[in-house]
Amino acid sequence: MEIVRPDSVAGVLDALASHPDALVLAGGTDTMVLVNAGALRPEYVISLRHVEDLKAWNARFIGAGVTYARLEESEIAALAELSRTVGSPQIRAAGTLGGNLGTASPAGDALPFLAAVDATIELVSKHGSRTMPWDEFLIGPKQNALEPAEIILGAHLPDDMPWRTAFAKIGVRQAMVISIASVCVTRNEAGETTVALGAVGPTVLRARRAEMMVSAEKDPDEAALDEFQRLVSEESRPITDHRSTAEYRRMAVGVLARRALERCLV
Ligand SMILES: Cc1cc2nc3c(=O)[nH]c(=O)nc-3n(C[C@H](O)[C@H](O)[C@H](O)COP(=O)(O)OP(=O)(O)OC[C@H]3O[C@@H](n4cnc5c(N)ncnc54)[C@H](O)[C@@H]3O)c2cc1C
């Protein structure tokens, strides 16, 4: 196996152009699981670890190479919260936002946040860059819109980031588990609310009817919260697998969304 370690995006794209089947490796926390299990035998690996441009992070942009350990320090509550829940300190030190987008698992914990704030994803190749809404990038279970010879540069956040944000997830235990269900809720000063759901559909989902209903409530009372919870559960599209049943996921995601919304209302 040959490993190259470019120190620029241009260097990565050059290496990818000459080795289109190369494995692009960021933190390796998804990829190395497959390599160790023998499911992946890459001959040529392009490490992103030394590409400083991918580590850029400011109020409106998160580079693909930014780790959860760094994102834990975010002033955006949901982003810090979700980052603290990922794996263990070792996983958070290595795992990146770009890796979560690259794997595109329906249970990827960064993805409900990106969906709830309507992030756009920037991709770059030797032909230039293109930016697309999150829901055009995440197209199915473990499927994204990345073309061969293209890499993820990062995620752009909107100028009018919501006032309040909250993230919640549930797994079979408190740490080191993949989510059975996860949610990110945002609410701005005008009461406009967004709700994105993870691990309860083929990819991340927005609960649009629940959003519309609760956005019309200036100060949601218990009945409104009940209805919000019911709509979120109804809009989820879970499956039964080795981690949980569809019924449990449907119930849990409604409860999580209600709790996250209550945190945004305080
Ligand atoms: C023990 C353990 C616990 C975990 N817990 C969680 C958890 O709680 N929540 C969660 O969401 N995930 C969890 N994960 C999964 C993993 O940590 C995350 O998905 C992480 O974001 C992957 O990032 P990475 O940098 O390690 O990606 P890598 O493994 O390096 O790459 C993953 C995929 O993305 C591609 N890729 C990476 N960067 C780019 C780029 N810039 N451009 C194009 N393609 C790219 C790679 O080619 C590969 O296909 C866990 C994993 C382990 C092993």
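In case you missed it, the structure is sitting above this.
Residues numbered from 1 in each chain as written. Predicted model: local features only at pLDDT ≥ 70, side-chain atom pairs only at ≥ 80, totals over all residues. Heavy atoms only, no water.

J.: It is not clear to me how the pattern of salt bridges should be interpreted in this structure. Could you clarify?
T.: Oppositely charged side chains can form a pair if their charged atoms are brought close together. Under the defined criterion, the tally for this structure stands at 16 salt bridges. Here the salt bridges share partners, and the residues they tie into one network are Arg 209, Glu 227, Arg 230 and Glu 234. (Salt bridge = Lys/Arg side-chain N within 4 Å of Asp/Glu carboxyl O.)

J.: Teacher, can you tell me more about the pairing of strand S6 (residues 120–125) here?
T.: In terms of residue burial, S6 counts as a mostly covered element, since 5 of its 6 residues are buried. By the bridge criterion, 6 bridges tie S6 to strand S7 (residues 128–133) in an arrangement that is antiparallel. From the neighbouring strand, Ser 125 faces S7, where its bridge partner is Gly 128. A loop of 2 residues connects S6 with S7, the two strands running antiparallel in sequence. Where S6 and strand S10 (residues 151–156) come together, 5 bridges link them in antiparallel fashion. Directly across from Thr 120, in S10, lies its bridge partner His 156. (Buried < 20%, exposed > 50% of the residue type's maximum accessible area, 1.4 Å probe, protein only. Helix = DSSP H or I, 4+ residues; strand = E, 2+ residues; numbered from the N terminus. Pairing = 2+ DSSP bridges.)

J.: Sorry if this is basic, but what is going on with the site of the ligand here?
T.: Contacts to the ligand come from 32 residues, most closely from Val 24, Thr 29, Asp 30, Tyr 68 and Thr 96. Contact distances for the ligand include 2.8 Å between an oxygen atom and a backbone N or O atom of Ala 26. Between Thr 96 and the ligand, the recorded distance is 2.6 Å, taken from a side-chain N or O atom to an oxygen atom. Here the ligand has 980 Å² of accessible area as a free molecule, and 88% of this is covered by the chains. Residue assignment for the shell around the ligand shows that the elements contributing at least two residues are strand S2 (23–25), helix H2 (31–36), helix H5 (89–94), helix H6 (97–103) and S10. (Near = heavy atom within 4 Å. Polar contact = N/O pair within 3.5 Å; in protein donor to acceptor, adjacent residues only side chain to side chain. Areas by Shrake-Rupley, 256 points an atom, 1.4 Å probe, with all protein chains shown as cover.)

J.: Is there a simple way to explain helix H11 (residues 246–265) in this structure?
T.: Think of an α-helix as turning once every 3.6 residues; residues three or four places apart then point the same way. Spanning 20 residues, H11 covers 29 Å between terminal C-alpha atoms, matching the ideal 28 Å at 1.5 Å per step. Within the span of H11, buried status applies to Ala 246, Arg 249, Ala 252, Val 253, Gly 254, Leu 256, Ala 257, Arg 258, Ala 260, Leu 261 and Cys 264. The inward-facing, buried residues of H11 contact strand S11 (164–170), strand S12 (181–187), strand S13 (193–198), helix H9 (208–215) and helix H10 (222–235). (Expected span 1.5 Å × (residues − 1). Contact = heavy atoms within 4.5 Å.)

J.: Teacher, can you tell me more about the sheet that holds S13 here?
T.: Each strand in a sheet pairs with its neighbour through backbone hydrogen bonds, running either in the same direction (parallel) or in the opposite one (antiparallel). On the basis of which strands lie adjacent, the open sheet formed by 4 strands has the order S11-S12-S13-S14 and antiparallel pairing. Both outer strands of the open sheet, S11 and strand S14 (205–206), are each paired with one neighbouring strand and no more.

J.: Looking at this model, I keep getting lost on the side chain of Arg 92. Mind explaining?
T.: One can find Arg 92 in helix H5. On the basis of relative accessibility, which here comes to 12%, the residue Arg 92 falls in the buried class. Here the side chain of Arg 92 touches Val 86 through a polar contact of 2.8 Å, landing on its backbone oxygen. Non-local contacts of Arg 92, meaning those with residues more than four positions away in its chain, are made with Thr 67, Tyr 68, Ala 69, Glu 72, Ser 83, Arg 84, Val 86 and Gly 87.

J.: Which parts of the structure should I look at to understand the sheet that holds S6?
T.: An order of S4-S5-S10-S6-S7 is seen for the 5 strands of this open sheet, with the pairing classed as antiparallel. In the strand order of this sheet, the two ends are held by strand S4 (57–58) and S7, each with one partner. The pairing of S4 with strand S5 (residues 61–63) spans 2 bridges and is classified as antiparallel. Across the sheet, the residue bridging to Asn 58 is Phe 61, located in S5. Those strands touched by helix H1 (residues 9–18) are S6 and S10, and its axis lies near 140° from that of S10. (Axes fitted to C-alpha atoms, helices over the stretch in contact; angles between N-to-C directions.)

J.: What exactly am I supposed to notice about the environment of Ile 239 here?
T.: Position of Ile 239 relative to the elements: it lies in the loop between H10 and H11. By relative accessible area, Ile 239 is classed as exposed at 57%. Along the sequence, Ile 239 and Met 1 sit 238 residues apart, while their C-alpha atoms lie 38 Å from each other.

J.: Would you mind going over helix H4 (residues 77–85) with me for this structure?
T.: Buried within H4 we find Ala 78, Leu 79, Ala 80, Leu 82 and Ser 83. Among the structural elements, S5, helix H3 (68–71), H5, helix H7 (110–116), S11 and S12 are those in contact with the buried residues of H4. Looking one or two residues beyond H4, the residue adopting positive phi is Gly 87, at roughly 45°.

J.: Explain the nonpolar core to me, please; I cannot follow it from the model alone.
T.: Within soluble globular proteins, side chains that are nonpolar generally end up buried alongside one another. By size, the foremost hydrophobic cluster in this structure holds 52 residues, and its most contacted members are Leu 101, Phe 113, Leu 114 and Phe 137. Among the elements that take part in this core, H7 stands out by supplying 6 residues, more than any other. Look past the residues within four positions of Phe 137 in its chain and what remains in contact with it is Leu 101, Ile 121, Leu 123, Met 132, Gln 143, Asn 144, Ala 145, Leu 146 and Ile 152. Val 185, Ala 210, Ala 224 and Cys 264 belong to the second largest nonpolar core, which has 23 residues in total. (Core = buried A, V, L, I, M, F, W, Y, C linked by side-chain atoms within 4.5 Å.)

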